[in-house]
Amino acid sequence: MYSSSTMTSTYNSPCAACKFLRRKCLPGCIFAPYFPPEEPQKFANVHKIFGASNVAKLLNEIPPHQRDDAVSSLAYEAEARVRDPVYGCVGAISFLQRQVERLQKELDAANADLITYAHNNEIDPSTSIISTSVQQPAPSGFGGGVGFSRRSAYALPYPLP
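As stated in UniProt under Sequence similarities (unreviewed entry), the record for the protein gives "Belongs to the LOB domain-containing protein family."

Here it is as structure tokens:
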């Protein structure tokens, strides 16, 4: 946990927490390994959302090998709460889940269009090559109805059912 740069910065300059709280940073400061002086906003956000005394209590209660992850989580949640005071990181997670669901639906629709397109064309079952020799409109979502005018072959990365 204590790297040589952290120990050096602890003695040369107070950690971000002690600097923010305007107190002397002692060698055994619980905040020093996790809030270096180069990242003052990290502690400012954590302090604003959770309070310095609550963070100190939390850090003292959990095992030293879990403190780095705990501080990372607190810092992430605090930054998310500063940006979105109502939902915090839950808002970001919900947004990303909705985006994944939307993209999954788009992928499912594209796969369905691809299967429909593959079954509507001449199929060479021995090589899994789709050969198009007749001009047909593109499936919905692919080029807005523009047709294929030249002979082309598409190798599928998987065998057709």
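Chemist: Quick question: what am I supposed to make of the pattern of salt bridges here?
Modeler: Between side chains of opposite charge, pairing is possible as soon as their charged atoms come close. Using the criterion set out here, one finds four salt bridges in the structure. When the shortest N-O distance is used, the salt bridge between Arg81 and Glu77 registers 2.8 Å. Residue Arg81 and its partner Glu77 are both found in helix α5 (residues 64-83); the two are separated by four residues, about one turn of the helix. The exposure class of Arg81 is partly exposed, given its relative accessible area of 26%. Taking the shortest distance from any N to any O, the salt bridge between Arg83 and Glu79 comes out at 3.1 Å. Within this pair, Arg83 and its partner Glu79 are both found in helix α5, separated by four residues, close to a single helical turn. Look at Glu79 and you get partly exposed, because its relative accessible area is 40%.

The rules behind each value
- Residues numbered from 1 in each chain as written.
- Predicted model: local features only at pLDDT ≥ 70, side-chain atom pairs only at ≥ 80, totals over all residues.
- Heavy atoms only, no water.
- UniProt positions renumbered as here; feature names shortened; annotations may be inferred.
- Salt bridge = Lys/Arg side-chain N within 4 Å of Asp/Glu carboxyl O.
- Helix = DSSP H or I, 4+ residues; strand = E, 2+ residues; numbered from the N terminus.
- Buried < 20%, exposed > 50% of the residue type's maximum accessible area, 1.4 Å probe, protein only.

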